[in-house]
Amino acid sequence: MARNEKEEAIHIGFREALALILPYLQKKIWNQFKSVIWIVLYLSVFQLLVLRIPIKEAGIITIGICAVILGLTFFLEGLFLGLMPLGEALGLKLPQKLGMFSIMIFSVLLGMGATLAEPAIAILKACGSKVAPWDAPLLYYLLNGGSDTLYFSIAIGVGISVVIGMFRFLYGFSLSKILVPSILLLLAVSIYAYFDENLQHISGLAWDSGAVTTGPVTVPLVVALGIGISKVSEKNEQSSAYGVVTLASLFPILAVFLVGIYFSNKVPKPMTEMEFFKQGIHSEQSNFLLGNKANQFQRQKTVNQSQSKQSTTAKEFPTKVANAFRLALRAILPLSIFLILFLYFILKEKIAYPEEVQLGIVFSILGLTIFNFGIMFGLNQLGDQVGGKLPSTFRSIELTDSIKFIKNFNPKSVYTAVNEEGKEEKFFYLKERKLYSGIPYHEENWNPTNKVYEYIPIHGPIFGKEDNLLGYVIVLAFAFVLGYSATLAEPALSALGNAVEETTVGTFRKSLLIQSVAIGVGFGTLTGILKIVLEIPLIWILVPIYIFLLILNTVSKSEFIEIAWDSAGVTTGPITVPLIIAMGLGIGNQLGTVDGFGILACASAFPILSVLIMGIIVENSRKLSLNDSESKTK
């Protein structure tokens, strides 16, 4: 909308400005509050009432949750004011002023920049400390020393996806022409990786990377660019930007596999911890894998580091805030400068509302800083705590974050008992409040110098004996409800529902789409948890699902195919990604699984299935209605 330059400037006082801004801000914060609070309450109540374990550092986690809500509010408002108008303006002007080659170069750079700015991608690095270098050397390298390579490979994958997506917008070919060969290629690479000791451990990371990239920065920016290009493309008869989110989820998977294949021979094969420390790897591999941390990897030191993590969190407060700001600045500023410079110097265009764009960029940096801080202290910790305690429903677990130190311990208080196999075991009684409980005694935990005994409390199994069926059922029910409720909270799904209802002229209602996707994500999360608990190889789950999806594609209408595959992208937002990744790694660590990745991959595949099936049902209903109408008119 053009502005009237002859309008006189309106001066608004501070109080009037506050009176205008505060209701708007309250509304925006309330919207984010509603999307976050239910899932947080669900996790908290589950831990307190079902798992019967208090939440550690509840005060700091509460501050973190508040920071997530406030950060998301500012961040999304900043995207709306700053980056999205820039993306759409570039999409409109690019085909008018530049040739195809220049558009493709720009698309690659935009896709890479948007991916590196995604809040969720930084979470992958935080996961690196939870992987042991001897269990999965290649996975450990990609999440630690090689994390920058991993990020850039994911970014390049998204960049290539955006190029193909722009080709599609310009020439209007169907999504299936890219989708089918891409999925077949990914499944072939995944099967190849399954038979390699190192590569099989990065399959979960690779497939989860596809979900991480389709976040609050990449999706709106790439879609805005796609809409802009669609408007000026004469060959594209599509009125929507469906499909580009799907592509942005696929190519990063391939990129991570290719990087893994390249580095596979540079790291040692998986081995036991004992072999690893007894010179199981040569010096060249050690330097490559561990770098200057080689001397730090002694078992006891690693344990001590993990045990002291909780107690040092408060001391690291200022450092974490500074890191959050640095990450936000590094993510948003280069991308914004790139877009503005490209618009000014390459396209020779002016920004329509520069003050709004500047304010949007400031809001984006501020919001992402607060959000990053909230992820570190809120969602990540909460997800890790719940995930780590979840197996206690069916198995006894060690509460490694509740280590106790008994001062002035007297070894004379230790007794001997006989177990069911006739073996002797030592124990002592501990009085906590008014209760006495028997604690297993381990010689290595007794320090005679300072007379302190250190022990890790045991919790569970809560619902019967070890590995009881009821405990497993409760875990799976928890996973389904988590996936289902988290999906309902995703704002992008609501926006997709509106668009789908409009483009299908009401035959595929918004509520129907949302429920279909939520049920699909619920089953996907359930399957992902089952994969970690039972240590099922991810390929055994993904290959049959994706082959079935490709078969369903052949009997589905093209509009439902695009809706279904894009639905998978919008389900993994800024709330679900950190929670589910942290939870999966927490469960994996507790059960001794090598890695806890793969839940996001499952949570992305099942909604495609549910929406495609619902699309077939909707289409059949529509045909039946049309046949009835025709028969009545005859």
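Owing to the predicted nature of the structure, the values given are computational and were not obtained by experimental measurement. (Residues numbered from 1 in each chain as written. Predicted model: local features only at pLDDT ≥ 70, side-chain atom pairs only at ≥ 80, totals over all residues. Heavy atoms only, no water.)

Let us look at the overall build of the protein chain. The helix and strand inventory of the protein chain stands at 22 helices and eight strands. Taken as a whole, the protein chain presents about 30300 Å² of accessible surface, with 62% of it coming from carbon and sulfur. (Helix = DSSP H or I, 4+ residues; strand = E, 2+ residues; numbered from the N terminus. Areas by Shrake-Rupley, 256 points an atom, 1.4 Å probe, with all protein chains shown as cover.)

A separate point is the packing of aromatic side chains. Taken as a whole, this structure holds 27 aromatic pairs when the rule is applied. Taking 4.5 Å as the distance between ring centres and 40 degrees as the angle between the ring planes, the aromatic pair formed by Phe106 and Phe342 counts as tilted. Placement of the pair is Phe106 in helix α3 (residues 100-116) and Phe342 in helix α14 (residues 317-346), with a sequence separation of 236 residues. Exposure remark for Phe106: the relative accessible area of 1% places this residue in the buried category. Note on Tyr194 and Trp540: the rings are 6.5 Å apart at their centroids and 55 degrees apart in plane angle, and the pair reads as tilted. Note that Tyr194 is positioned in helix α7 (residues 176-194) and Trp540 in helix α19 (residues 538-554), a separation of 346 residues in sequence. Three or more aromatic residues joined by ring pairs make a cluster, and in this case those are Phe409, Phe428, Tyr441, Trp446 and Tyr453. (Phe/Tyr/Trp six-rings, centres within 6.5 Å; stacked < 30°, edge-to-face > 60°. Buried < 20%, exposed > 50% of the residue type's maximum accessible area, 1.4 Å probe, protein only.)

The subject of this paragraph is the pairing of strand β3 (residues 415-418). Two elements, β3 and strand β4 (residues 424-432), share four bridges in a ladder whose sense is antiparallel. Looking at the pairing, Val418 lines up with Glu424 of β4. Between β3 and the antiparallel strand that follows it, β4, lie five residues; Gly422 among them carries a positive phi value of about 85 degrees. (Pairing = 2+ DSSP bridges.)

All right, on to the pairing of strand β5 (residues 435-440) then. Inspection of the sheet shows β4 paired to β5 by six bridges, in the antiparallel sense. Opposite Glu432, over in β5, you have Leu435 as the bridge partner. Linking two consecutive strands that pair antiparallel, namely β4 and β5, is a turn of two residues; a positive phi of about 55 degrees is found at Arg433 within it.

Moving on: the nonpolar core. If you look at the biggest cluster of nonpolar residues, it comprises 168 residues, and the most contacted ones within it are Leu124, Trp207, Trp565 and Ile581. Those residues within four positions of Trp565 in sequence are excluded, and the remaining contacts are Leu175, Leu179, Ile183, Thr246, Tyr546, Leu549, Asn553, Ile608 and Leu612. Listed in part, the 10 residues of the second largest apolar core include Phe428, Leu430, Ile439 and Tyr455. (Core = buried A, V, L, I, M, F, W, Y, C linked by side-chain atoms within 4.5 Å. Contact = heavy atoms within 4.5 Å.)

Glancing now at unusual backbone geometry. If you check the backbone angles, Asp467 has positive phi at about 55 degrees while not being a glycine. By the secondary structure assignment, Asp467 is in the loop between β8 (458-459) and α16 (469-488). The class for Asp467 is partly exposed, based on a relative accessible area of 40%. In this model, Glu535 sits at a positive phi of 55 degrees, which is unusual for a non-glycine residue.

Worth remembering: the numbers are spatial, not functional.
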